[in-house]
Amino acid sequence: MKSMWQRAGVMGAVWAASQSALADYAYNLQEPASQVAREVFHLHNLIMLVCVGIFIIVFGMMFYSLIKHRKSVGHKAAHFHENTTVEIIWTIIPFIILVGMAYPAAKVVIEMKDTSNPDMTVKITGYQWKWGYDYLNEGVHFYSTLATPREQIDGTAAKDEHYLLEVDDPMVVPVGKRVRLLITANDVIHSWWVPAFGVKQDGIPGFIRDSWFKADKIGTYRGQCAELCGKDHGFMPIVVKVVSEEDYKAWVAKKKGSAQAAAADNTKTFDVKELVERGEKVYQANCAACHQANGTGLPGVFPAMNGSKVATGPIAAHINIVVHGGRPGTAMVGFADRLSDAEIAAVVTYERNAWDNKMGDAAQPADIAAARGGAAVAAAPAAQ
Amino acid sequence: MSDAAHAHDDHGHHAHPTGIMRWLTTTNHKDIGSLYLWFSLIMLFTAGSMALLIRSELFEPGMQLMHPDFFNQLTTMHGLIMIFGVIMPAFTGFANWQVPLMIGAPDMAFPRMNNWSFWLLPVAGIMLLGSFWLPGGAVAGGWTMYPPLFIQGGVSYDLTILAVHIMGLSSIMGSINIITTILNMRAPGLTLMKMPMFVWTWLITAYLLIATMPVLAGAVTMLLTDRNFGTHFFNAAGGGDPVMFQHIFWFFGHPEVYILILPAFGIVSQIIPTFSRKPLFGYASMVYATASIAILSFTVWAHHMFAVGMPVAAQLFFMFSTMLIAVPTGVKVFNWVATMWKGSLTFETPMLFAIAFVCLFTIGGFSGLVLAMAPVDIQLQDTYYVVAHFHYVLVSGALFSIFAGIYYWLPKWTGHMYNETLGKTHFWLSVIGMNIVFFPMHFLGLAGMPRRIPDYALQFTEFNQIATVGAFIFGFSQLIFLVLVLKTIKGGAKASDQVWEGAQGLEWTVPSPAPYHTFETAPVVK
Amino acid sequence: MMPHAVSSLLHMEQVNTEDCEGVSAGAFVFQSRPNHSLTHRQQKLVLWSLATVCFATASGFALLGYWLILPFAGLEIGLLAWALEALRSREGDYETLTIEGDVVVLEWHAGTHGERREMNRQWARVICDCGTSGRNCRLSLSSHGRETKVGQYLSDEARLQLAATLRRKLQA
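Residues numbered from 1 in each chain as written. Chains lettered and ligands numbered in written order. Predicted model: local features only at pLDDT ≥ 70, side-chain atom pairs only at ≥ 80, totals over all residues. Heavy atoms only, no water.

## Considerations on the side chain of Thr115(A)
Residue and element names in this part refer to chain A.
Move 1: Of note, Thr115 is situated in the loop between helix H3 (84-113) and strand S1 (120-127).
Move 2: The exposure class of Thr115 is buried, given its relative accessible area of 14%.
Move 3: Side chain to side chain, Thr115 and Asp210 meet in a polar contact 2.8 Å long.
Move 4: Among residues more than four places away in sequence, those in contact with Thr115 are Arg178, Arg180, Asp210, Ser211 and Trp212. (Helix = DSSP H or I, 4+ residues; strand = E, 2+ residues; numbered from the N terminus. Buried < 20%, exposed > 50% of the residue type's maximum accessible area, 1.4 Å probe, protein only. Polar contact = N/O pair within 3.5 Å; in protein donor to acceptor, adjacent residues only side chain to side chain. Contact = heavy atoms within 4.5 Å.)

Written out as structure tokens, the structure reads:
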């Protein structure tokens, strides 16, 4: 709190100084990078202009009255009231202005909703708390997670320029192509939003909604999840890289290559040390948000991993929960679709050997493949 | 606030209980009005403190003071308490005090029921606040309670649903009481079209409450059964639809928005003519405008959901109907300005708050018009622009009208004039503080800062810092209000029966302070 | 409801005593009844308009499978109907006091209760007790050791005035 007041104290000076560097003070929508976003931008400017105009006229009259018609300057009250003509005029004029506004707005609505004739289609799935991208035509599939290090959030390291707006694996699209988006979610409602493209679409679990954009310029565009989706709602950014057609093709080829390498891993057998090393990375990316990096969880909300009955109990039950999810209604979802066999094996092994757990046993990719086959047979034991 | 008003009234031959029992068993409309207003004030400071914690965390990027989950609990509870624990009870408090006085009735139509509808509120309030100490903490899914996120939570989510039910029951009983009082207990000669605007707006508000409360009750009950009894109303895996919850919730929620603002229109429509010394410009058109707003409020709910992805026809329908609401709202604003025009204006604290209301509420109205444009809304939905919009409507709208009303009627209730210097200090600090908090939020939303996030990207820092400083100015200046109210109850210059030179209406014909029992014989209105 | 509540429930209206004296020579009639500004038509309108809105929306959602709104709408409209009925049952309430010759007739009707009592003018006594506060005054006529309240729909002020009038009339 103390530092806050100090900051508040110097704020006046900071504010005055930064007036020259106007870059930090944005007063309007972000610079549009698609046709739809540009139309929204102009629509907003138009309606703001109308609003400011009306505001000046109406409140100009009010303030004139406040100054001229005050008792202290000796103004005597008139006693007029009820004037049908005036009342009709001030009902009709706003109505006409609104009709004038409705027309251009309706045109943009229709354009926004027209998702026909796409050049490519990407399915986007919201998870707590990351985004999954499926390039339906190219067969590319990956997840995109916040890349800002924990230390920057906790304030123990200096913050990067794109603090909280960086991901490990951004969405990549070619410039000038109509990209149709199929947006859904896996657990709760999320909302995929990139302001520069004028796209915001909720991802609703169990339903698929569509939207589209066509990026004008090569560049990197950033957005965030726009629907409250739980604890880390503020920490699931969206990054879209718009690249040239050739760069896009190269990217697709590279993605396919790494997918094959991952598939090969699933048939191997690893030793405990290898699994723990790899598992730690998987844990940090997928589990630490809830169960915490040190495995303590959040009492009452997310169970601890350190010393938990699951991580120190039978390994089959442990694998079962990670693959198929926890009890219904809890935030623990199954990772069967999100992680490869090798990754699940690694993270299970890590959880059983990290912190004070020291179980010494290991799960192998083959165990995971077996667990995938059987549905959640025995209900997972209560993991409080 | 009526302690002083009836310190000497308790010696009748059916003696009233004293101490806490007196307040627990009271059926007097003035007592119950005071209870509502005190409850609301306590909750204002509670939920206001939560807002200051939120703003402290948002003073700079990074997580400094709290865990993200606790941040979400704060934003959720701040919203729930401010709506159901501050604004609604405050307006019901005004209705209890003022409606019988303004229509010349001795009390409310059902005084026992009136007592119950108040005492349900603290029960609900304790349940809501108590849930902070339950395992997992209070609800963190947002005041709108959207599933499936709301299905995930712990036991406090069930408790919150129960609390919402209790508050809903309280509102229903309160509304039935207000409707029957207004319709059945008007003094002879006081026809509907002679009723004060405040009474009119409350009549329409009570209609809206009765029409929509079952919808809220049903919606939260279905959440409860989804959570605990294996139903699948909102679960796609079981054939339900999470978006239907939003439709149902906002079918209640949008009329609720007008429930929170119509009584404010009423209060301001009482105050502006008084201090302009001139009758309300268009009484009839004000009544019709209020009724149109109420009717239109049932046709606009899905404008809260443009981002869920509706068919084009639905988007266009809800966009047009929402824009249409600007017409009757405009009529109201024009009427207030026309009432001031060529009046003989003085600027006591109630009038200052009323003028600030007209000006700042209109800013909230304009940002509402911007948000009504579906394509623009899709950019701004769930951003700080929306936060700015509804705080302009609810803080400088609803809350300022409550302040205005308290300053206006406090002399009648307590028999003492409040301290004008303190009142004006409170006004100027509030109005300046309020704008420092909420105006920059428009820019944050335009620039792309989502709402309900505990941490933000660096480009949003400056405006967030300004907002936080404003929040502390605004928050702490409310202590002046508390001191002022306490001082006025204890003493101060004696208020005349008329109190304000230009005031019109039955409430100004009874003595100040208004005696414990008023209008046992109905006055005749000519 | 507490007695205090009942008295507040009724909106009082006073018929001017002076006017009533002129009704017939020698007879004194005093009638009072609570105030009701809600007509039957308005009452029906309130109930049916709200019932229509509530049940229309609740049924609409029920058709989509979200039926749990319906029972709440039913309960609420039931409560509203009960409240309006309670007001209506009070509509016939009145209190009449007639003094003609040596007979004093006191007739009152409140809800489902009512009474008609005749007293001899010589035996009837006015009891008026205001305690120390001057508020919540009790006014009744007593005869043969039994008291019957008078002027229940009046304010303290009007009740005191009635007491004075009655004392005068009973002595005359």
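Read on, since the account is not over.
## Section: the interface of chain A and chain B
Move 1: Tallying the contact residues gives 101 residues for chain A and 106 residues for chain B.
Move 2: Taking both sides of the interface into account, the surface hidden between chain A and chain B amounts to around 8900 Å²; carbon and sulfur atoms contribute 71%.
Move 3: Viewed at the interface, chain B and chain A are joined by one salt bridge.
Move 4: Counting across the interface, chain A meets chain B through 29 residue pairs in polar contact (both at pLDDT 80 or more).
Move 5: Where the side of chain A that touches chain B is concerned, the elements lending two or more residues are helix H1 (2-18), helix H2 (35-68), H3, helix H4 (150-154), strand S7 (199-203) and strand S9 (219-225) of chain A.
Move 6: Broken down by class, the residue content of the side of chain A that touches chain B amounts to 60 nonpolar, 22 polar and 19 charged. (Buried area = accessible area lost by both parts, 1.4 Å probe. Salt bridge = Lys/Arg side-chain N within 4 Å of Asp/Glu carboxyl O. Nonpolar A, V, L, I, M, F, W, Y, C, P; charged D, E, K, R; others polar.)

## Section: helix H5 (residues 245-265) of chain A
Residue and element names in this part refer to chain A.
Move 1: Taking 1.5 Å of rise per residue, the 21 residues of H5 would be expected to cover 30 Å, and the 31 Å separating its terminal C-alpha atoms lies within 8% of that figure.
Move 2: Among all positions of H5, only Tyr248, Trp251, Val252, Lys255 and Asp265 are buried. What you see down the axis of H5 is that its buried residues fit within an arc of 130°, all on one side. Away from the buried face of H5 by more than 90 degrees, exposed residues Glu246, Lys249, Lys254 and Gln260 are located. (Expected span 1.5 Å × (residues − 1). Arc of directions from axis to C-beta.)

## Things to note about the pattern of salt bridges
Residues and elements named next belong to chain A.
Move 1: Following the criterion strictly, the structure yields 20 salt bridges over all chains and no others.
Move 2: Here Lys249 and Glu245 are joined by a salt bridge, their closest N and O atoms 3.7 Å apart. You can see Lys249 and its partner Glu245 sitting in helix H5, four residues apart, about one turn around the helix.
Move 3: Here Lys249 falls in the exposed class, since its relative accessible area comes to 54%.

## Some details on the environment of Leu203(B)
All names here are of chain B.
Move 1: When you line up the elements, Leu203 lands in helix H7 (residues 197-228).
Move 2: What makes Leu203 buried here is its relative accessible area of 6%.
Move 3: The contact partners of Leu203, leaving out residues within four places of it in the chain, are Ile179, Ile182, Leu183 and Met195.

## Topic: the nonpolar core
Soluble globular proteins: nonpolar side chains tend toward being buried together.
Move 1: If you look at the biggest cluster of nonpolar residues, it comprises 262 residues, and the most contacted ones within it are Phe94(B), Ile248(B), Trp336(B) and Phe400(B).
Move 2: With residues up to four places along the chain from it excluded, the contact list for Phe94(B) reads Leu37(B), Val99(B), Phe198(B), Ile267(B), Ile402(B), Gly405(B), Ile406(B), Trp409(B) and Trp413(B).
Move 3: Judged by nonpolar contacts, the second largest core, of 40 residues, contains Val122(A), Leu181(A), Phe213(A) and Leu228(A). (Core = buried A, V, L, I, M, F, W, Y, C linked by side-chain atoms within 4.5 Å.)

## Quick word on the sheet that holds strand S5 (residues 178-185) of chain A
All names here are of chain A.
Move 1: A sheet is described by the order of its strands in space; here five strands give the open sequence S3-S2-S1-S5-S8, paired in mixed fashion. Only two strands of the sheet have a single neighbouring strand rather than two, namely strand S3 (140-144) and strand S8 (209-214). Strand-to-strand twist in this sheet, taken as the mean axis angle between neighbours without regard to direction, amounts to 25°.
Move 2: The pairing of S1 with S5 spans seven bridges and is classified as parallel. Of the residues in S5, the one forming a bridge with Thr125 is Thr184. (Pairing = 2+ DSSP bridges. Axes fitted to C-alpha atoms, helices over the stretch in contact; angles between N-to-C directions.)

## Looking at the sheet that holds strand S7 (residues 138-143) of chain C
All names here are of chain C.
Move 1: Taken in spatial order, the three strands of this open sheet run S6-S7-S8, and their pairing is antiparallel. Edge positions in the sheet fall to strand S6 (125-129) and strand S8 (146-149), since each of these pairs with one other strand and no more. Pairs of neighbouring strands in the sheet enclose a mean axial angle of 35°, with direction left out of account.
Move 2: Bridge analysis of S6 against S7 gives five bridges, and the strand direction is antiparallel. From the neighbouring strand, Cys128 faces S7, where its bridge partner is Leu139.

## Considering the confidence of the model for chain A
Residue and element names in this part refer to chain A.
Move 1: Of the residues in chain A, 90% have a pLDDT of 70 or more, and the chain-wide mean is 86.
Move 2: Below pLDDT 50 for its whole length, residues 13-23 participates in six contacts with residues either more than four positions away or in separate chains.
Move 3: Within the model, the stretch residues 375-384 combines pLDDT values under 50 with 13 contacts to residues more than four positions away or in other chains. (pLDDT = per-residue confidence, 0-100.)

## Description of the confidence of the model for chain B
Residues shown with low pLDDT carry predicted positions that ought not to be read at fine detail.
Move 1: The share of residues in chain B with pLDDT of 70 or more is 95%, and the mean pLDDT across the chain is 92.
Move 2: Low confidence marks residues 1-14 of chain B, where pLDDT is under 50. Its contacts with residues over four positions away, or in another chain, come to 41 contacts.

## Remarks on the packing of helix H6 (residues 155-184) of chain B against H7(B)
A pair of packed helices can be characterised by two numbers: the angle between their axes and the separation between those axes.
Residues and elements named next belong to chain B.
Move 1: Across the interface, H6 lies against H7 with an axial gap of 8 Å and an inter-helix angle of 155°. What the angle tells us is that H6 and H7 run roughly antiparallel. For the element pair H6 and H7, the recorded crossing hand is left-handed.
Move 2: The residue inventory of the contact of H6 with H7, partitioned by class, reads 22 nonpolar, six polar and two charged. (Parallel < 35°, antiparallel > 145°, perpendicular 65-115°, else oblique. Left-handed = near helix turned anticlockwise from the far one by under 90°.)

## Description of the arrangement of the chains
Move 1: Inter-chain contacts occur across two pairs of chains; the most extensive set of contacts lies between chains A and B.
Move 2: Chain A makes no contact with chain C; the smallest distance between any of their C-alpha atoms is 17 Å.

## Concerning the packing of aromatic side chains
Move 1: Considering all chains together, one arrives at 72 aromatic pairs over all chains under this definition.
Move 2: Between Tyr27(A) and Phe443(B), the ring centres sit 4.7 Å apart and the planes meet at 90°, which makes this aromatic pair edge-to-face. Highlighted residues: Tyr27(A) in the loop between H1 and H2 and Phe443(B) in helix H16 (residues 420-447), drawn from two different chains.
Move 3: The class for Tyr27(A) is partly exposed, based on a relative accessible area of 39%.
Move 4: For Phe443(B), a relative accessible area of 16% corresponds to the buried category.
Move 5: Seen in terms of ring centroids, Phe353(B) and Tyr407(B) are 5.7 Å apart; in terms of plane orientation they differ by 15°. Their pairing is stacked. Of this pair, Phe353(B) sits in helix H13 (residues 349-372) while Tyr407(B) sits in helix H15 (residues 384-414), and the two are 54 residues apart along the sequence. Comparing Phe353(B) with Tyr407(B) shows no difference in burial state: the two are buried. (Phe/Tyr/Trp six-rings, centres within 6.5 Å; stacked < 30°, edge-to-face > 60°.)

## Let's talk about the packing of helix H2 (residues 29-57) of chain B against helix H17 (residues 461-490) of chain B
Residues and elements named next belong to chain B.
Move 1: For the pair H2 and H17, interaxial distance at closest approach is 10 Å and the crossing angle is 160°. Comparing the axis directions of H2 and H17 gives the class roughly antiparallel. For H2 against H17, the interelement crossing comes out left-handed.

## Considerations on the pairing of strand S10 (residues 237-243) of chain A
Residue and element names in this part refer to chain A.
Move 1: The buried fraction of S10 amounts to six of the seven residues, a majority that puts the element mostly inside the structure.
Move 2: Sheet analysis places strand S4 (residues 171-174) next to S10, joined by four bridges and oriented parallel. From the neighbouring strand, Val172 faces S10, where its bridge partner is Lys241.
Move 3: Taken together, the six bridges between S9 and S10 define a ladder with antiparallel strand orientation. Bridged to Gly223 within S10 is Ile238.

## Considering H2(B)
Residue and element names in this part refer to chain B.
Move 1: Counted at 1.5 Å a residue, the expected span for H2 with its 29 residues is 42 Å, and the 42 Å between its end C-alpha atoms agrees.
Move 2: With respect to burial, H2 is a largely interior element, 21 of its 29 residues being buried.
Move 3: One side-chain oxygen at the N-terminal end of H2 lies 2.7 Å from the backbone nitrogen of Lys30; it belongs to Asn28.

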